[in-house]
Protein chains: 2
Amino acid sequence: MSELSERKKQILAAVVEQYVKTGEPVGSKGLISSTGMSVSSATIRNEMSDLAAMGYLEQPHTSAGRIPSQKGYRYYVDNLMKNREIDEINKRIIEAGISSAVGDPERLIARASEVLADLTKCACVSSTPGGDAVIIRKIELVPVGIHSAMLVLLTSNGILKSRLCRLDCELTVTICEQFYNIVKSCIIGKPASDISVVSMQTVAASVDGDVFAMLPLMAAVCELARSVSDSRLVLGGSSNLFSHKDYGTGAIELLEFLNKREPLSEVISGISEPLNVKIGRENLYRQLENSSVIVAKYSVGGDDSGTIGLIGPTRMDYENIIPSVKYLTNLVGRLITQAIEE
Amino acid sequence: MSELSERKKQILAAVVEQYVKTGEPVGSKGLISSTGMSVSSATIRNEMSDLAAMGYLEQPHTSAGRIPSQKGYRYYVDNLMKNREIDEINKRIIEAGISSAVGDPERLIARASEVLADLTKCACVSSTPGGDAVIIRKIELVPVGIHSAMLVLLTSNGILKSRLCRLDCELTVTICEQFYNIVKSCIIGKPASDISVVSMQTVAASVDGDVFAMLPLMAAVCELARSVSDSRLVLGGSSNLFSHKDYGTGAIELLEFLNKREPLSEVISGISEPLNVKIGRENLYRQLENSSVIVAKYSVGGDDSGTIGLIGPTRMDYENIIPSVKYLTNLVGRLITQAIEE
DNA sequence: TTTAGCACTCTTTTGTCCCGAGTGCTAATC
DNA sequence: GATTAGCACTCGGGACAAAAGAGTGCTAAA
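This one's a predicted model, so the numbers in the text were calculated from it and none came from an experiment.

The rules behind the values
Residues numbered from 1 in each chain as written. Chains lettered and ligands numbered in written order. Predicted model: local features only at pLDDT ≥ 70, side-chain atom pairs only at ≥ 80, totals over all residues. Heavy atoms only, no water. Axes fitted to C-alpha atoms, helices over the stretch in contact; angles between N-to-C directions. Helix = DSSP H or I, 4+ residues; strand = E, 2+ residues; numbered from the N terminus. Parallel < 35°, antiparallel > 145°, perpendicular 65-115°, else oblique. Left-handed = near helix turned anticlockwise from the far one by under 90°. Contact = heavy atoms within 4.5 Å. Nonpolar A, V, L, I, M, F, W, Y, C, P; charged D, E, K, R; others polar. Domains from an automatic or database assignment. Buried area = accessible area lost by both parts, 1.4 Å probe. Salt bridge = Lys/Arg side-chain N within 4 Å of Asp/Glu carboxyl O. Polar contact = N/O pair within 3.5 Å; in protein donor to acceptor, adjacent residues only side chain to side chain. Pairing = 2+ DSSP bridges. Disulfide = S-S within 2.5 Å. Buried < 20%, exposed > 50% of the residue type's maximum accessible area, 1.4 Å probe, protein only. Least-squares fit on C-alpha atoms with pLDDT ≥ 70 in both.

Chemist: Could you clarify how one ought to interpret the packing of helix α7 (residues 173–186) of chain B against helix α9 (residues 211–230) of chain B in this entry?
Modeler: To describe two helices that pack against each other, one gives the angle between their axes and the distance between the axes. Residue and element names in this part refer to chain B. The contact between α7 and α9 brings their axes to 11 Å, and the two run at 40°. Comparing the axis directions of α7 and α9 gives the class oblique. Our pair here, α7 against α9, has a crossing hand that is right-handed. Facing α7, whose interface residues are Ile-175, Gln-178, Phe-179 and Ile-182, α9 presents Ala-213, Met-214, Leu-217, Met-218 and Val-221. A per-class count over the contact of α7 with α9 returns eight nonpolar, one polar and no charged.

Chemist: What is the right way to look at the domain arrangement of chain A in this model?
Modeler: The figure often quoted for interface size is the accessible area lost as the parts come together. All names here are of chain A. If you check the domain split of chain A, you get domain 1 (6–80), domain 2 (88–129 + 231–341) and domain 3 (134–229). In total, domain 1 and domain 2 occlude about 1,000 Å² of area from one another, counting both sides; carbon and sulfur atoms represent 56% of this. In this structure, the connection of domain 1 to domain 2 is made through one salt bridge. With a closest N to O distance of 2.6 Å, Glu-282 and Arg-74 form a salt bridge. Seen at the junction of domain 1 and domain 2, the total is six residue pairs in polar contact (both at pLDDT 80 or more). Among the secondary structure elements, those contributing two or more residues to the side of domain 1 that touches domain 2 are α1 (6–22) and α4 (70–80). Of the residues contributing to the side of domain 1 that touches domain 2, the split by class is five nonpolar, three polar and three charged.

Chemist: In this structure, what is going on with the sheet that holds strand β9 (residues 291–300) of chain B? I would like to understand it.
Modeler: Strands belonging to one sheet form pairs held by backbone hydrogen bonds; the direction of such a pair is parallel or antiparallel. All names here are of chain B. With respect to topology, five strands assemble into an open sheet ordered β7-β3-β10-β9-β8, the strand pairing being antiparallel. Both outer strands of the open sheet, β7 (233–236) and β8 (275–279), are each paired with one neighbouring strand and no more. Going across the sheet, the axis of each strand differs from the next one's by a mean of 15°, ignoring polarity. In this sheet, β9 lies alongside β8 in antiparallel orientation, the contact comprising five bridges. Within β9, the position partnered with Asn-276 by the bridge is Val-295.

Chemist: For this particular structure, what's the right way to read the state of the cysteines?
Modeler: Linking two cysteines covalently through their sulfur atoms gives a disulfide. Under the definition given, this model contains zero disulfides over all chains. Sulfur of Cys-176 of chain A: no disulfide; nearest cysteine sulfur belongs to Cys-165 of chain A and is 11 Å away.

Chemist: It is not clear to me how unusual backbone geometry should be interpreted in this structure. Could you clarify?
Modeler: Trans peptide bonds make up most of the peptide bonds, and negative phi angles are found at most residues other than glycine. Residue and element names in this part refer to chain A. The phi torsion at Lys-121 lies on the positive side, around 60°, for a residue other than glycine. Residue placement: Lys-121 occurs in the loop between α6 (105–120) and β3 (123–127). Residue class for Lys-121 comes out partly exposed when judged on its relative accessible area of 44%.

Chemist: In this structure, what is going on with the relation of the copies chain B and chain A? I would like to understand it.
Modeler: In summary, the two copies of the chain are related to each other by a rotation about an axis coupled with a shift along it. Rotating chain B by 179° and translating it 0.0 Å along the rotation axis places it on chain A, where the RMSD comes to 0.1 Å. What we have between these two chains is a two-fold relation. Closest to the rotation axis within chain B is the C-alpha of Ser-162 of chain B, separated from it by 3.5 Å. An overlap of 100% is found between the interface residues of chain B and their copies at the interface of chain A, pointing to a shared contact surface.

Written out as structure tokens, the structure reads:
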């Protein structure tokens, strides 16, 4: 695979780096002045011409400089990138950014997404920990008035959801007890995705008690359970996309794409390596043809649990961004592991 | 003030409405064909010329049609708009959109903002109920493991905040009791904005008990209290701004402005009427010179409590948007009042 | 194998011209 | 006195051409 001569590699790397920095196609002369190579522009031209023929570079038009092709980016990411450690400054920024949310997994992921998006000027899509098999761990009902109560639901992965609930009739001690009975026997320990209004009703029907009174509570529990599964995806910094001139008006289309949940979850799931880079048309979706997606997994207590994904223009600063993503996912995994252990 | 002849009013209204609809400057002929007025284009030209001289219309350049000036929009909004009732369809959309969040004030505001933003294609900024005098009503501490607990905080305005909290040492019954004692004597009934780490520490110091063990809990309570005051602003649908060609690339700048919290809260606060329309440079901020801001207050239990604000291009469909905002604020006020009454 | 030199290509910019839309004015009409 | 028809005028935008600039590809020499 490594059929490229040393000098070709050096040139390819230089083209990628300069193009990433300036956004302008890079020409033979410009390349010399930026790298300080001691050959003439004609030599560079020959080499670049070779690289173009091999498919690593391409030309917007005859009389322009060269820009990396997708294959070129790919080769760069796989073989040429140096500096695989995170920058000390970025490290600090990340740590400071998430410090306020360390104890709470859901908020941690939200903060992490924002910080990473800010840092990289990309959009960040993350999934909260737990996969599809999130289990309901605890439910609390706290009366706060004659007709209303707060409901709190905690899952095995440390996600906490709460809401107020208003009853049509008075909230008596009896009703509370009945509620807890039902919860204990039919909800605790079940996967969140299994809780539906229908399943609840059949449960309620089979139990003695004031089914009618409890209906709003049951509905609220379902809604909380649903929000656990639904809100697994967190999208941060999507407005950053507008700051890249690469997208032009395409940014709007991309934003619309990101606001659809289903394809997005496909984008950041289903990777096998701990960190995966998909460049341009390597992505399954046409809407991402000018974007690169960097996805990394974090693990909680040793098991893969969720992912953090970055979406930005193909022309992104892989060299700095990849280590940041790597660092953040490790950190997040560690912190969540810590937060949910007993 | 009403120095305009009937025909001038009719023309001004027609210009505003047609320009709002098409985005193109409207000329004398086009105006005739769209209104069906039975005068010649020359007459219209004379009238439009007058209106321009009076400052109600302006010309992008000599040989273009007329567009409303800010003064023209103002006159239109104050005097010419008909149809001050909400459209039945919009009513349905709003009701359906917020139905899932009716019982929970915070989520209700969030949904309301999104629905309104969607409906109007504007950005929506709302404040959660309660003003600055939100009082802590209830705090619950529920152990979920040896070292961790969930903390739930409820305020007088029905805002519920919860998070996980991890302790450095074991969470004993004694610690729970001490915690509740402190909470009961020093936190419940206090304004959320008064709770700070410092005040907590002085409290803790004056109380017998394991101050060190309780520190994480206290910090978490502070953080929750702070998040009650901090997250009072909800911003929805900001990406809608990109769909208006009026803004062009200015949309990016506007978006950046909206992402700053402080000026934004000034924009939607400090109005005296129940519904206020600020057009273009009537706004205090330069960044809003091409935007109009519609702000309406909702009241909970008879008191002004929060506001819902819409931000969109000056060329917006005031005639439909204003009634929608009015309707939504009333509805939200009613629903929150209902949700937090005992 | 590298390099200097030069013709060539293609984009971008600038300038010019022309067309169309719409106005403003004047004189005629109701 | 208000309205209208007619017409000259203005200005922006598109089409087209020429010039400038950047960079290549090729050839021939080192």
